[in-house]
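Overview (structure and organization)
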Amino acid sequence: MPKDYSISVRVTILLLFLLAAAFAAEPRKITVYAPQASYQVDILVRDGVDYAGLTDLLEPLGRLESRPEGKKLVLIFNGGAAEFQDGKRQYRTRSNARPELLSNFLLVDGRGYVPVSSIAQLLPHITDQTAEFHAGPRRLFVGSTQYKYSAELRHGPSRLVLSFPAPVNPSTLIERDHVRLLFRREPVVSSGADTVAYNDPFLRSTNFAETPGGAEFVANLSQPATVSIGDGGRTVTITATVPPAVAPQSAAPSAVESQPHPAAPRVRPFVILDAAHGGSETGAVFSPTLMEKTVNLALARRLQKELESRGVSVVLTRVADNVLTWDQRAVSANTSHAVLYIAIHSSSSGHGVRVYTSMIPSPQPGQTNRSFLPWELAQSPFLQQSGVAASALAAECTASGLPVRSSSVPLRPLNSVTIAAVAIEIAPLGSSADELNTPQYQQKVAAALASGIAALRGKLEGGQ
Amino acid sequence: MISRKLQFIVAALVLAILAMGFYLVHLKRKAELIGAGPAPEVLTAPVSGPAQELTLYLANDSDDSLRPVTISSALPSDPGERGRLALHTLITRYLQKDSTHPLGAGADVHDVYLLDPASAVVNLNAAFAETHRSGIEIEQLTIFSMVLTLKAQLPQITRVRFLVEGKTRDTLAGHVDLSGWLDVGMVAEASK
């Protein structure tokens, strides 16, 4: 009898544990590194197979049109068409080849899903770019995006110099016996052996591992160290803070004993565009097939291209259909080193463009942008600059023949953004919400906004 | 071999699960019956006395404007009830077929409380928020028209907070922030 009880108790505990784990588990994602952008795509599990949304995967990589036709999905990417059939493995590529997926294609609510295991094989057929998928850490590299680093141990003072082919900005965790560098945004990959033993008085060993959504480099040390980033973000140097007690034995001194490079000026974006809503948070629903989140992202992308063609540097808070909280959006803006934040919304009601600033009290006398303020009033010292930005955008829209209304509104995350911040909401010129998604109208609005933003360059940068 | 005692325990657990399941179905049916019935009418104290001016700030979606319209109505002397009646009248206008700013069916205001002479709390019903159209301008027009209508009846208020079924709500319909107090002066300024 005790044995029966023991089995029952164990089975119950196991079931409860599995249940808790299922609830606690974060949704799994694929991290995509591409020349155009780095982004994440949610994984959908069907019949034990991991799937990824085709639109989520391809939208940031180029011009995409997706058209469900019954059980068929026609995909037009940068002008080339591919066809998929719900429940079938075989698909037709732009070159009329008929390769097969490793599991069946899924068509759910007009959206196409492909097995994650087939992505690396599928992408070159559609995008004409190479793709490499690291299944364990769920990292997908499109084109030649991988950063392979080199590590060199130098002395006088003892230091480990990591060199990267492009600027990196890792999160750094320094403890007494190790330094941990976390690369969340950069496509850093192993450059050879993942674990290297040094047997040096300063550095015992290093270990590199890819993790879901990033990569981690750990230097195991025998003494405390500091971390510095130089050469415009291309080198990360881990330097001993106390001279080693014993002279170096195994590692030969480096032939090149260079002084630390002065940090090169990093290119900072002028504007951060925030396509409002995303993922399950759809915003307004204009029709069964058109949602605000989609229009916002399309307009943000179009505006990005317009700005880049005018030489204005841009970053986007989201480039795919994913959820971001208001605080995440504000933090992205506040840490982007941009000068201007623009939230992009759309509405089927009214006409033209609305430009909004935050409806919070003006700064108190003596309050500056370095004053300590509550999170929900952080925008306060920047209200004047936001007003300047709103006026410039409204003026340019008016000049382009678009009806414009300017106002202030209680709208998150504007209140918590610590740079000039405005929100725009576009509405159709006519009575149909479909106009919001037409390339012609979006182009007209994007061109007007881009001209307004470009005109702000001298005005806002001086105020920072 | 499973012991008799363990068999008894498992049988009792299965019976308990079945009983709870039946009770759950019973409760669900009961809730559906209650929900399917006629909506409870809002009881208001009869208002009598001389007609007074009631200014409503009516929103117009076609040109994003707020226009004051003055009507005559008997109004209670209690400030909270007076505010509630003003907003109820405004919402009734929005629910009419020819409304320039339509609200969803069933939208209404439960109560208006004055925490102190300058702070008003408006408690909306669930239908008001759940059926509201989504968009910055649309939501802003609704909230601003209510704040200005309230201010017209209760000139002493300087700030207003909106609750839905007595609870704080992040946004009205995904955009306008309802989580904090709205400054009446700033609303009036932004509405110009």
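Residues numbered from 1 in each chain as written. Chains lettered and ligands numbered in written order. Predicted model: local features only at pLDDT ≥ 70, side-chain atom pairs only at ≥ 80, totals over all residues.

Looking only at helices and strands, chain B has five helices and six strands in total. Listing each helix as α and each strand as β along chain B from the N terminus yields α-β-β-α-β-β-α-α-β-β-α. Counting across all 192 residues of chain B, residues that qualify as buried make up 32%. The contacts of chain B with a sequence gap of at least 6 include a subset with a gap of at least 24, amounting to 64%. (Helix = DSSP H or I, 4+ residues; strand = E, 2+ residues; numbered from the N terminus. Buried ≥ 20, exposed ≤ 12 C-beta atoms within 10 Å, placed from the backbone. Contact = placed C-beta atoms within 7 Å.)

Okay, the confidence of the model for chain B next. Residue and element names in this part refer to chain B. With 90% of its residues at a pLDDT of at least 70, chain B reaches an overall mean of 88. Counting interchain partners and residues more than four positions distant, the pLDDT-below-50 stretch residues 35-45 has four contacts. Under the prediction, the complex receives an ipTM of 0.75, its pTM being 0.60. (pLDDT = per-residue confidence, 0-100.)

Looking now at the sheet that holds strand 5 (residues 72-77) of chain A. All names here are of chain A. The sheet built from three strands is open, its strands ordered 4-5-6 with antiparallel pairing. Of all the strands in the sheet, the pair left with one neighbour each is strand 4 (64-69) and strand 6 (80-85). Strand-to-strand twist of the sheet, defined as the mean angle between neighbouring strand axes without regard to direction, takes the value 20°. (Pairing = 2+ DSSP bridges. Axes fitted to C-alpha atoms, helices over the stretch in contact; angles between N-to-C directions.)

Looking now at the environment of A:Gly80. By the element assignment, A:Gly80 lies in strand 6. Along the sequence, A:Gly80 and A:Arg94 sit 14 residues apart, while their C-alpha atoms lie 5.3 Å from each other.

On to the interface of chain B and chain A, then. When the parts of a complex come together, some accessible area is lost, and that lost area is often taken as the interface size. Contact residues are listed per partner, giving 21 residues for chain B and 21 residues for chain A. Looking at the side of chain B that touches chain A, the elements with two or more residues in it are helix 1 (4-36), helix 4 (136-153) and helix 5 (184-190) of chain B. Taken together, the residues of the side of chain B that touches chain A sort by class into eight nonpolar, seven polar and six charged. (Nonpolar A, V, L, I, M, F, W, Y, C, P; charged D, E, K, R; others polar.)

Residues and elements named next belong to chain A. Among all positions of helix 3 (residues 119-127), only Ile119, Leu122, Leu123, Ile126 and Thr127 are buried. Down the axis of helix 3, the sector holding all buried residues measures 100°, keeping them to one side. Phi turns positive one or two residues past the end of helix 3, at Asp128, with a value near 60°. (Arc of directions from axis to C-beta.)

Once that is clear, we can look at helix 6 (residues 383-399) of chain A. Residues and elements named next belong to chain A. An ideal rise of 1.5 Å per residue puts 24 Å on 17 residues; helix 6 measures up with 24 Å between its terminal C-alpha atoms. Listed as buried for helix 6 are Leu383, Gln385, Ser386, Ala389, Ala390, Ala392, Leu393, Ala394, Glu396 and Cys397. Downstream of helix 6 by one or two residues, Gly401 has phi in the positive range, about 85°. (Expected span 1.5 Å × (residues − 1).)

A word on the nonpolar core. Among the nonpolar cores identified, the biggest contains 134 residues, and A:Val271 and A:Leu340 are the most heavily contacted of them. The biggest single contributor to this core is helix 4 of chain B, with nine residues. Beyond its immediate stretch of four places on either side in the chain, A:Leu340 contacts A:Phe270, A:Val271, A:Ala389, A:Ile419, A:Ala420, A:Ile453, A:Leu456 and A:Leu460. (Core = buried A, V, L, I, M, F, W, Y, C linked by C-beta atoms within 7 Å.)

What follows concerns the sheet that holds strand 21 (residues 235-240) of chain A. Residue and element names in this part refer to chain A. Judged by pairing direction, the sheet is antiparallel, and its four strands sit side by side in the order 12-13-21-20 without closing on themselves. Of all strands in the sheet, those bounded by a partner on one side alone are strand 12 (150-154) and strand 20 (225-230). The mean angle between the axes of side-by-side strands here comes to 20°, regardless of whether they run parallel or antiparallel. Pairing analysis gives five bridges linking strand 13 (residues 159-163) to strand 21, with the strands arranged antiparallel. By the bridge assignment, Arg159 is partnered in strand 21 with Thr239.

Residues and elements named next belong to chain B. For Arg67, the location among the structural elements is in strand 2 (residues 65-74). On the basis of neighbour count, Arg67 is assigned to the exposed category, with 12 C-beta atoms found within 10 Å. Separated by 11 residues in sequence, Arg67 and Leu56 have C-alpha atoms that sit 8.0 Å apart. The contact partners of Arg67, leaving out residues within four places of it in the chain, are Leu58 and Asn60.

Let us look at the packing of helix 6 of chain A against helix 7 (residues 439-455) of chain A. Residue and element names in this part refer to chain A. Between helix 6 and helix 7, whose axes approach to 8 Å, the crossing angle comes to 140°. What the angle tells us is that helix 6 and helix 7 run oblique. When the axes of helix 6 and helix 7 are compared, the crossing they make is right-handed. Contact residues: Ala392, Leu393, Ala395, Glu396 and Cys397 in helix 6; Ala448, Leu449, Ser451, Gly452 and Ala455 in helix 7. For the contact of helix 6 with helix 7, a count of residues per class yields seven nonpolar, two polar and one charged. (Parallel < 35°, antiparallel > 145°, perpendicular 65-115°, else oblique. Left-handed = near helix turned anticlockwise from the far one by under 90°.)

Residues and elements named next belong to chain A. Across the five residues of strand 22 (residues 271-275), five count as buried, placing the element largely inside the fold. Bridge analysis of strand 22 against strand 25 (residues 314-316) gives three bridges, and the strand direction is parallel. Its bridge partner lying in strand 25, Val271 is registered against Val314. With five bridges joining them, strand 22 and strand 26 (residues 340-346) adopt parallel strand pairing. By the bridge assignment, Leu273 is partnered in strand 26 with Ile342.

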